[in-house]
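The primary structure of each chain is shown beneath.
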Amino acid sequence: MSASFVLEETTAESAGSLTVIRARRPGRWAAGAVVAVLLAMAANALVTNPAWDWPVVAAYLFHPSVLHAVLFTMELTALGIVLGFLLGTVLALMRLSHVPLLASVAWGYVWLFRSVPLILQLLFWYNLAALYKQISFGVPFGPAFFSVGSMDLIGPVTAAALGLALHQAAYAAEIVRGGFLSVDPGQLEAAAALGIPRARQIVRIQLPQAMRSIVPAAGNEIIGLVKGTSVVYIMALPELFYQVQVIYNRNGRVIAMLLVAAIWYLVLTTVLSVGQYYVERRFGRGLARALPPTPVWRVRRVLAVRRAARRRRSAGGGDEER
Amino acid sequence: MSGPMVDVRGVYKSYGSLDVLRGVDLRVEAGEVTVVIGPSGSGKSTLLRSINHLEKIDRGYVTIDGEFVGYRRSGDRLYELKERDILRQRTHIGFVFQNFHLFPHLTVRQNVTEAPLSAQGRPRDQVEALATELLEQVGLSGKAGAYPRQLSGGQQQRVAIARALALRPKVVLFDEPTSALDPELVGEVLEVMKALARGGTTMIVVTHEIGFAREVADTVAFMDAGRIVEQGPPPQVLDRPRHDRTRAFLSKVL
């Protein structure tokens, strides 16, 4: 009975004259307050404790030897990822092929290189010269055209890049294979029915769709490798982690130098994460009805809405928001 | 060549112990429309997929315009073709899938132009002009830049038809082209197909749309259990079927 009374009441009024009161959510405010206090405590602990040695951090953050080490870390990462994914893609296609020998060799590769710890693999490559003094190029099992000493061909830097790439290829192969398997088989059937050449089917139809699931996993791998390059410190190569160790062994500022390294790793992974976001957008084309807005675009929209609201308020002079 | 455009002779196909096609013969003359009807599991789709070699047949053969599909004849031997040659043959055979299978990451226009460019190597300006013309023909001129997911099912299927036609095929095969569509979208696709039939396109259509068969088909073939039970002009097969199985099927769908 009262319901019908209220209904009449509201319909009698014009919709615009009703004010919406948002529900109060004290729990959210309390949780927010707790987290804010914790954050403030953490920031305070970082800034006020002199043991963190911030002046030393500042002094070494852009030190030439550190910058060189950052550059070398980036080089190793790029080599590892590019070569790793190239070889990984070949392995994935071998594994997906209908030739049993190719498929099993690819499987064996992944099995081997995923099973042996990276640090061990790197040491093997580093010590390759002890296993094979000469590397020859020529007819398999036949005469060699020319030979080079292993030490000349595979120096420490090459050994590190090779070790990272070969290890990465095993993981990349599985990621790429997963990407290809995620593409609807109907897509290949349609491409085959249209007579599109096989290589073109892979590059134009399968790969772009596979990229949608490859990119997030590959992003993980790249970021993993940025930090993973730190294991080549055992080969005494001047990448970031090795370099800060060299410096703190000299000046004794261990914490500060570790912070320098941590900050640079943060910077590198941040740049990569942002890059990944845009690459994902690129391969998301057509797969959602509309692309999600970029963060920049979102910020602009929020500001525009705020500005419009402020203008309305100053124009109306109302007190609807107290 | 004065023979039939599509000639299917004694085709057998089995998956393990399941015989899907058990000796199918079908002849389709140039410019004719053949509609294949029959209960689910009778082998209609497998027959269609055998015609463009998406399915490899166990016995018998298929020729399109006198050319063996999937094989090269030398004397009385058939040599299996390499994949590249089979792909080239398929450019003469348009295929429209039940679930469209448009390429979701390509625009409507790119879907239509992809195969003529990459499979037939035709000049781009000519292919682009053809795409414009075909999209107009299927009533989607305004959607050239859209992605398939932004279209309705009926629109997607019309793009798929334009994509098949872009190869200028000798015959177009339709595998239940309206079965995945909401009822109100079926009509727009059938209209496009009717216009094609009037224009003299050779078509083989697997469908449950008996009305379409009656109106458009030159020949209706009724399939059951891997065989073509009877075929003939629509009034004969649809109104005066000679076989009990045809009669039983029609009484269920009409």
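What you see as residue numbers is a count from 1 along each chain, following the sequence as written. Lettering of chains starts at A and numbering of ligands starts at 1, both following the order in which they are written. This being a predicted model, a pLDDT of at least 70 is required before a residue's local features are given, and a value of 80 or more before pairs of side-chain atoms are given or counted; all residues contribute to the totals for chains, interfaces and linings. Excluding hydrogens and water, the side-chain figures rest on all heavy atoms present in the structure.

1. Description of the UniProt feature "transmembrane region" (unreviewed entry) in chain A
Here comes step 1: UniProt positions are given in the numbering used here, feature names are shortened, and annotations may be inferred rather than shown by experiment. UniProt annotation of "transmembrane region" (unreviewed entry) refers to residues 29-47, 67-94, 101-124, 144-166 and 255-279 of chain A when read in the numbering used here.
Here comes step 2: Under the scheme used here, helices are H or I runs from DSSP no shorter than 4 residues and strands are E runs no shorter than 2 residues, and both carry numbers assigned from the N terminus. End C-alpha atoms of residues 144-166 of chain A are separated by 25 Å, and the span's content is 65% helix alongside 26% strand.

2. What about the environment of D224 of chain B?
Residues and elements named next belong to chain B.
Here comes step 1: Locating D224 in the fold gives a position in strand β11 (residues 219-224).
Here comes step 2: Only protein chains enter the accessibility calculation, which uses a 1.4 Å probe; a residue is then buried when its area is under 20% of its type maximum, exposed when over 50%, and partly exposed in between. Residue class for D224 comes out buried when judged on its relative accessible area of 17%.
Here comes step 3: Separated by 119 residues in the primary sequence, D224 and H105 have C-alpha atoms spaced 39 Å apart.
Here comes step 4: The contact rule is simple, with two residues in contact once any of their heavy atoms fall within 4.5 Å. If near-sequence neighbours (up to four positions away) are discounted, D224 is found in contact with P39, S42, V229 and R245.
Here comes step 5: Polar contacts, as counted here, are pairs of nitrogen or oxygen atoms within 3.5 Å of one another; within protein the pair requires one atom able to donate a hydrogen and one able to accept it, and residues that are adjacent in sequence qualify only if both atoms are side-chain atoms. Polar contacts involving the side chain of D224 include one to the side chain of R245, which spans 3.2 Å.

3. Side note on the interface of chain B and chain A
Here comes step 1: Chain B puts 27 residues into the contact, and the matching count from chain A is 23 residues.
Here comes step 2: The junction of chain B with chain A conceals about 2,300 Å² of combined surface from both sides, 57% of it contributed by carbon and sulfur atoms.
Here comes step 3: Accessible-area loss on putting two parts together, using a 1.4 Å probe and summing over both, is the definition of buried area adopted here. Contact with chain A buries surface across chain B, with F103, H105 and R149 of chain B losing the most and accounting together for 26% of the total.
Here comes step 4: Salt bridge, as used here, is a side-chain nitrogen of Lys or Arg placed within 4 Å of a carboxyl oxygen of Asp or Glu. Inspection of the region where chain B meets chain A yields 3 salt bridges.
Here comes step 5: For the salt bridge of E114 of chain B with R204 of chain A, the shortest nitrogen-to-oxygen distance reads 2.9 Å.
Here comes step 6: One can count 6 residue pairs in polar contact (both at pLDDT 80 or more) joining chain B with chain A.
Here comes step 7: If you tally residues by element for the side of chain B that touches chain A, the top one is helix α3 (residues 108-118) of chain B, at 4 residues.
Here comes step 8: Residues are grouped as follows: Ala, Val, Leu, Ile, Met, Phe, Trp, Tyr, Cys and Pro are nonpolar; Asp, Glu, Lys and Arg are charged; all remaining types, including Gly, are polar. Across the side of chain B that touches chain A, the residue classes break down as 14 nonpolar, 7 polar and 6 charged.

4. Quick word on the sheet that holds strand β4 (residues 59-64) of chain B
Residues and elements named next belong to chain B.
Here comes step 1: Each pair of strands is called paired provided DSSP finds at least two bridges between the two strands. As summarised here, the arrangement of the 4 strands in space is β2-β1-β4-β5, forming an open sheet in which the pairing is antiparallel. Sheet topology places β2 (18-28) and β5 (67-68) at the edges, where each strand pairs with a single neighbour.
Here comes step 2: Two strands pair when backbone bridges link them, and β4 and β5 are joined in this way by 2 bridges, in the antiparallel orientation. By the bridge assignment, I64 is partnered in β5 with E67.
Here comes step 3: The sheet contacts of helix α1 (residues 44-51) involve β1 (6-15), β2 and β4, and relative to β2 the element is tilted by about 60°. What counts as an axis is a line fitted to C-alpha atoms, over the stretch in contact for a helix, and the angles between N-to-C directions run from 0 to 180 degrees.

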